[in-house]
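Survey of secondary and tertiary structure
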Amino acid sequence: MSSISYNAIAQTNGRTTSKQEIIHLRANQPSREAPFGEFWDNSIDWGKSTKIFTIFTSNSIILGDNGNFNSIEAFQTMWLKTKLGDETRYNQNDETQLGKYNAGATDSVIILGNNAIAYHNFDGVIKKTEFDLSRYQRDGTISAIIIDATEDEINDFEKYMKLIIPDYQLSMGCGTFIKINNICKSNSQYVVNKVIKFAKG
C-alpha cells in the first residue's frame, strides 16, 4: 500500500466513508416501502400528528403532517446521525418510541433519493433544514443548519397543509413537510401500489 493510500485511509480512522455508507445502505435495503414507515412513525410518535399525507410525483416524494417538533434544536439536528444520549426528545423509559438510534430519517432519505428538505412551522415562521447527499459524500459530514423558508416555499407549505387542514393558517403554528428530491427510482404506479399495500399492512 502506498503512503498516499494509507494516509487517505487513516483520515477516516479505518471506518467506511460516507460514499461507502450510501452504497451499502442502498444495497442492503432494497425495499422502498420501509422508509415510508419510518417517516410515518416519526410523524405519529414524535410529532403527535393526527393527520399525515404522502404525495408522489415523477421525481420527488413529499411527506407531511399536522404535528409539532418539540424544539427548534430537535428540528435543526434532525438529519444528524450521532446520538449522545442526552437529547431531550428521547425518553429512555419509553420503549414505544421508534427510531431511538437517531438514524431513521437520514437513512430513509439515503435509500429513497439524493436530497431532502424539511420544513416546519414554528409559531408562524417557516424554517427549513436540508440534507444533501452530494455534500455528504464530498465532505463526510452532515450540517445542523436551519434558515427561513423563501416566499415560494411558504406558499407551497400552506398549500400542502391545506390538503389535511382546509382552513389552515400559519398562525396555527404547526405542520411539517419533507420533500425528497432526485429520487433513486421513478415513482411508477407499481411503486405507489406497493407503498399503499405496505401502509395497509
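Below, the structure is looked at part by part. Everything numeric in this text was worked out from a predicted model, so none of it was measured. (Residues numbered from 1 in each chain as written. Predicted model: local features only at pLDDT ≥ 70, side-chain atom pairs only at ≥ 80, totals over all residues. Heavy atoms only, no water.)

**Thoughts on helix H2 (residues 18-28)**
Cut-off, in case you're wondering: Buried, partly exposed and exposed residues are distinguished by accessible area as a fraction of the type maximum, computed with a 1.4 Å probe on protein chains only: under 20%, between the cut-offs, and over 50%, respectively. Numbering of helices and strands runs from the N terminus, with a helix taken as a DSSP run of H or I at least four residues long and a strand as a DSSP run of E at least two residues long. When we speak of the arc, we mean the arc of directions from the helix axis to the C-beta atoms.
Every buried residue belonging to H2 is among Ser18, Glu21, Ile22 and Leu25, and all of these are buried. The arc that holds every buried residue of H2, seen down its axis, measures 100°, which confines them to one face. For H2, exposure combined with an orientation more than 90 degrees from the buried face picks out Ala27 and Asn28.

**Let's talk about helix H8 (residues 189-200)**
Here is the rule we go by: One less than the residue count of a helix, multiplied by 1.5 Å, gives the span that helix is expected to have. Here, two residues are considered to be in contact whenever any of their heavy atoms come within 4.5 Å of each other.
Between its first and last C-alpha, H8 extends 17 Å over 12 residues, near the 16 Å set by a 1.5 Å rise per residue. Buried residues of H8: Val191, Val192 and Val195, and no others. Mapping the buried residues of H8 onto a view down its axis gives an arc of 100°, with all of them on the same face. Summarising the geometry of H8, the exposed residues directed more than 90 degrees from the buried face are Gln189, Tyr190, Lys197 and Lys200. Buried residues along H8 sit in contact with helix H3 (34-46) and strand E1 (52-56). Phi turns positive one or two residues past the end of H8, at glycine 201, with a value near 85°.

**Notes on unusual backbone geometry**
Despite not being glycine, lysine 48 has its phi angle at roughly 55°, a positive value. Its location among the elements puts lysine 48 in the loop between H3 and E1. Even without a glycine there, the phi angle at aspartate 123 is positive, about 50°. Within the secondary structure, aspartate 123 is located in the loop between strand E3 (115-122) and strand E4 (125-132).

**Points about the nonpolar core**
Quick reminder of the rule: Nonpolar cores were defined as sets of buried Ala, Val, Leu, Ile, Met, Phe, Trp, Tyr and Cys residues, with membership established by side-chain atoms within 4.5 Å.
Ranked by internal contacts, the top residues of the largest apolar core, which has 24 residues, are Phe39, Trp79, Ile178 and Ile180. Elements with a contribution of two residues or more to this core: H2, H3, strand E2 (60-65), helix H5 (104-112), E3, helix H6 (133-139) and strand E6 (176-181). Ranked by residues supplied to this core, first place goes to H5 with four residues. Not counting the four nearest positions on each side in its chain, isoleucine 178 is found in contact with Phe39, Ile61, Ile62, Leu63, Met78, Trp79, Ala116, Ile117 and Ala118.

**Remarks on the side chain of asparagine 187**
Threshold: Under the rule applied, a polar contact is a pair of N or O atoms within 3.5 Å (in protein, one hydrogen donor and one hydrogen acceptor; residues adjacent in sequence only if both atoms are side-chain atoms).
As for its position among the elements, asparagine 187 is in the loop between E6 and H8. Here the side chain of asparagine 187 touches threonine 57 through a polar contact of 2.8 Å, landing on its backbone oxygen. Within polar-contact distance, the side chain of asparagine 187 engages the backbone oxygen of serine 60 at 3.0 Å. Each residue touching asparagine 187, except ones within four places of it in the same chain, is listed here: Arg32, Phe56, Thr57, Ser58, Ser60 and Ile61.

**Quick notes on the packing of H2 against H5**
Spelled out, the test is: Throughout, an axis means a line fitted to C-alpha atoms (over the contacting stretch in the case of helices), and angles, computed between N-to-C directions, take values from 0 to 180 degrees. Any angle that is under 35 degrees is reported as roughly parallel, and any over 145 degrees as roughly antiparallel; angles of 65 to 115 degrees are reported as roughly perpendicular and all others as oblique. Three classes are used: nonpolar for Ala, Val, Leu, Ile, Met, Phe, Trp, Tyr, Cys and Pro, charged for Asp, Glu, Lys and Arg, and polar for all others, with Gly counted as polar.
Two numbers describe how H2 lies on H5: the axes approach to 9 Å, and their chain directions differ by 80°. As far as their axial angle goes, H5 and H2 are roughly perpendicular. For the pair H2 and H5, contact is made by Glu21, Ile22, Leu25 and Arg26 and by Asp107, Ile110 and Ile111, respectively. Counted by class, the contact of H2 with H5 contains four nonpolar, no polar and three charged residues.

**Looking at the pairing of E6**
Formally: Criterion used throughout: strands pair if DSSP finds at least two bridges between them.
Summarising the sheet, E2 and E6 pair through six bridges and their orientation is antiparallel. In the strand pairing of E6, glycine 64 is matched with phenylalanine 177. Bridge count for E3 against E6 is six bridges, and the pairing is antiparallel. Of the residues in E6, the one forming a bridge with histidine 120 is threonine 176.

**With respect to the packing of aromatic side chains**
Note the threshold: Pairing of aromatic side chains requires ring centres within 6.5 Å, counting the rings of Phe and Tyr and the six-membered ring of Trp. Pairs whose planes differ by under 30 degrees are stacked, by over 60 edge-to-face, and all others tilted.
Overall, the coordinates contain 12 aromatic pairs when judged by the stated rule. Centroid distance tyrosine 119 to phenylalanine 177: 4.6 Å. Interplanar angle 25°. Geometry classified as stacked. One end of the pair, tyrosine 119, is in strand E3; the other, phenylalanine 177, is in strand E6, with 58 residues separating them in the sequence. On the basis of an interplanar angle of 50° and a centroid distance of 6.2 Å, the ring pair of phenylalanine 157 and tyrosine 168 is categorised as tilted. Pair noted here: phenylalanine 157 is in helix H7 (residues 151-161) and tyrosine 168 is in the loop between H7 and E6, with a separation of 11 residues, a long-range link. What makes phenylalanine 157 buried here is its relative accessible area of 0%. Linked through ring pairs, Phe53, Tyr119, Phe157, Tyr160, Tyr168 and Phe177 together constitute an aromatic cluster.

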